[in-house]
Amino acid sequence: MTSFLRRINFASAALAQVKDGTAAASHPAAALRGRTDALRSAALALLSIRFIQGFIYWGGGSRRFIYAPAKLDPNAASWMANKLQSAMPGALLGTDQLIAYLLHHFYFLYSSLILFSAAELITGLLLITGLLTRAAALVSIGLSVMLMLMFGWQGATCIDEWTMAACNSAIGATLMLGGSGAFSLDNALLARRPALAGRPWFRWMSGALPLPMRSEPFQRVAVAALAATVIFSVATYDYLRGSVVTPFHGGPVSPSKHHLSLTDGVLLPNGAVRFHAYLDGGTPAAPSNVMTAVLKSIDGSVLEQWDGTALSHLPASAIANEFSYNRFASGPFGLRAQMGAMATITLPAASVSDTGNLSRAATLQLRTVNGNVFNVRIRTE
């Protein structure tokens, strides 16, 4: 430890000889040393959040690569594509379209999941050890923003995903500005190679030294980081839950109550009914179960009905899923759908159906196990 501290002092002495334009003209070495001491004190104060920020991302990556590799196994039930698809209904700023594209292109999907997981693993390790701290913190901000846009709407009680992403983005911004001058590999590397103090890339990417800019530009950068963090976090919170400039609400997409969007209802010439269904709201923790389907006329009379037994025996050919992961399928008590599932479903005509009478069909009504009802208008093909 004594040898390590001696190296730190030697590095500080070498740093005093570096001209970075931040010190007063009369005593540049003393002023720069003062800034370095202040940075070290700040880094000591930030040590806890640097470690925990790193451990959060390390944990995310290590679960997939080391402790629960089934998350990266396309044949496993815990395959990450299922989680990604469950986020699609509430994803923001076009990331829902990005998710849909990846789900339709397996090699891009698999590569993206591997790269994202590797980025989490490496970023976490760099932050824990304090190596290239500012670069790692910048990457962590990018990861937090992507997680916010994709998963921020989820969490039925405390919007858990938003809370995690908001905190991580703020911590990343703080570490990017404050660095890691204490108990870090950046500092040890500088102690071993004092000449790095004069390398611009080291000043920008590591956390052992102040950023190479004057006090006033640094203040502007810090205020800009604050403004970006606050605006992004508060704006997404207001959009997802209100309680800022609007009353509290459950969000444009409910994270707790399942919702089915039904479109393109068609009565086929043989009496079968075809429609498109999308489970675009609710928790991914449990599937939605459709127990009955009723075809009604304009006056509300029942023309045809499919109960739970009929729905549970629908053949696979009657359900054309758009994605290979979360799907609509026949379940033990009716039609079952996982979060984000999207499919075109055909209900067969009953053997005793009067196709002439069915021509009066106006609405198809689905009822779930929770008693929720969803309707779609029916047109004749």
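### Some words on helix α7 (residues 133–151)
Side chains three or four residues apart in an α-helix point the same way, a direct result of the helix having 3.6 residues per turn.
Point 1. Spanning 19 residues, α7 covers 26 Å between terminal C-alpha atoms, matching the ideal 27 Å at 1.5 Å per step.
Point 2. Restricting attention to buried positions, one finds in α7 the residues Thr133, Arg134, Ala136, Ala137, Ser140, Ile141, Leu143, Ser144, Met148, Leu149, Met150 and Phe151.

### Remarks on the packing of helix α4 (residues 80–87) against helix α5 (residues 95–104)
Between two packed helices, both the angle of their axes relative to each other and the distance between the axes serve to describe the pair.
Point 1. The N-to-C vectors of α4 and α5 enclose an angle of 145 degrees; their axes lie 9 Å apart at closest approach. Where α4 crosses over α5, the two elements pack in a sense that is left-handed. Taken together, the residues of α5 that come into contact with α4 (itself represented by Ala81, Leu84, Gln85 and Ala87) are Ile99, Leu102 and Leu103.
Point 2. Classifying every residue of the contact of α4 with α5 by side-chain character gives six nonpolar, one polar and no charged.

### So, the nonpolar core
Point 1. In terms of nonpolar packing, the biggest core is built from 58 residues, with Leu109, Phe328, Ile345, Leu347 and Leu364 touching the most fellow members.
Point 2. The biggest single contributor to this core is strand β2 (residues 273–281), with five residues.

### Re the packing of aromatic side chains
Point 1. With the rule as written, the count across this model stands at nine aromatic pairs.
Point 2. An angle of 45 degrees between the planes, with centres 6.4 Å apart, marks the rings of Trp79 and Phe106 as tilted. With a gap of 27 residues between them, Trp79 in the loop between α3 (47–67) and α4 and Phe106 in helix α6 (residues 106–129) connect regions that are remote in the sequence.
Point 3. Since its relative accessible area comes to 33%, Phe106 is described here as partly exposed.
Point 4. Relative to Tyr107, the ring of Phe106 lies with its centre 5.6 Å away and its plane at 75 degrees, an arrangement referred to as edge-to-face.
Point 5. Judged by its relative accessible area of 70%, Tyr107 is exposed.

### A word on the pattern of salt bridges
Point 1. All told, the structure shown has two salt bridges when counted by the stated rule.
Point 2. Between Arg64 and Glu120 there is a salt bridge, with its nearest N and O atoms 2.6 Å apart. With Arg64 in helix α3 and Glu120 in helix α6, the pair connects residues that are 56 residues apart, well separated along the chain. A single burial state applies to Arg64 and to Glu120, both of which are buried.
Point 3. In this structure, Glu161 engages Lys83 in a salt bridge whose closest nitrogen and oxygen atoms are separated by 4.0 Å. Taken as a pair, Glu161 in helix α8 (residues 160–178) and Lys83 in helix α4 lie far apart in primary sequence, 78 residues in all.

### Topic: the environment of Ser359
Point 1. Mapping Ser359 onto the fold places it in the loop between α13 (355–358) and β9 (361–368).
Point 2. Judged by relative accessible area, which is 46%, Ser359 ranks as partly exposed.
Point 3. Residues Ser359 and Gly271 lie 88 residues apart in sequence; the distance between their C-alpha atoms is 8.6 Å.
Point 4. Once residues lying within four places of it in the same chain are set aside, the contact partners of Ser359 are Leu267 and Thr380.

### Regarding a nonpolar patch on the surface
Point 1. Judged by side-chain polarity, Phe51, Ile52, Phe55, Ile56 and Met164 come together as a nonpolar surface patch covering roughly 450 Å² of accessible area.
Point 2. Ranked by residues supplied to the nonpolar patch, first place goes to α3 with four residues.
Point 3. Its place among the elements puts Met164 in helix α8.
Point 4. For Met164, a relative accessible area of 41% translates into the label partly exposed.

### Description of the environment of Val145
Point 1. Take Val145: it is sitting in helix α7.
Point 2. Between the alpha carbons of Val145 and Trp162 there is a distance of 10.0 Å; along the sequence they are 17 residues apart.

### Quick word on the confidence of the model for the protein
Point 1. Looking at the protein, pLDDT values average 88 and 89% of them are 70 or higher.
Point 2. Here residues 4–25 is modelled with pLDDT under 50, and outside its nearest four sequence neighbours on either side it reaches 34 contacts, counting other chains as well.

### Observations regarding unusual backbone geometry
Point 1. Positive phi values are uncommon outside glycine, yet Ser243 reaches one of about 70 degrees.
Point 2. With respect to the helices and strands, Ser243 occurs in the loop between α11 (215–241) and β1 (259–267).
Point 3. Within the chain, Asp264 stands out as a residue other than glycine whose phi angle is a positive 55 degrees.

### A look at the pairing of β9
Along a regular strand, successive side chains alternate from one face of the sheet to the other.
Point 1. Of all the eight residues making up β9, six are buried; the element is thus mostly covered by neighbouring parts of the structure.
Point 2. Across seven bridges, strand β3 (residues 288–297) lies against β9 in antiparallel orientation. If you follow Leu295 over to β9, its bridge partner there is Leu364.
Point 3. Bridge count between β9 and strand β10 (residues 373–380): five bridges; the pairing is antiparallel. Looking at β10, one finds that Thr363 is bridged to Arg377.
Point 4. Hairpin connection, β9 to β10: the antiparallel pair is bridged by four residues, and Gly371 has positive phi, about 90 degrees.

### Focus on the side chain of His276
Point 1. Mapped onto the elements, His276 comes out in strand β2.
Point 2. By relative accessible area, His276 is classed as buried at 14%.
Point 3. One polar contact links His276 to Glu322, side chain to side chain, over a distance of 2.7 Å.

Parameters and conventions
Residues numbered from 1 in each chain as written. Predicted model: local features only at pLDDT ≥ 70, side-chain atom pairs only at ≥ 80, totals over all residues. Heavy atoms only, no water. Helix = DSSP H or I, 4+ residues; strand = E, 2+ residues; numbered from the N terminus. Expected span 1.5 Å × (residues − 1). Buried < 20%, exposed > 50% of the residue type's maximum accessible area, 1.4 Å probe, protein only. Axes fitted to C-alpha atoms, helices over the stretch in contact; angles between N-to-C directions. Left-handed = near helix turned anticlockwise from the far one by under 90°. Contact = heavy atoms within 4.5 Å. Nonpolar A, V, L, I, M, F, W, Y, C, P; charged D, E, K, R; others polar. Core = buried A, V, L, I, M, F, W, Y, C linked by side-chain atoms within 4.5 Å. Phe/Tyr/Trp six-rings, centres within 6.5 Å; stacked < 30°, edge-to-face > 60°. Salt bridge = Lys/Arg side-chain N within 4 Å of Asp/Glu carboxyl O. Patch = residues over 30% accessible without salt bridge, like charges linked within 9 Å, V, L, I, M, F, W, Y side chains within 5 Å. Areas by Shrake-Rupley, 256 points an atom, 1.4 Å probe, with all protein chains shown as cover. pLDDT = per-residue confidence, 0-100. Pairing = 2+ DSSP bridges. Polar contact = N/O pair within 3.5 Å; in protein donor to acceptor, adjacent residues only side chain to side chain.

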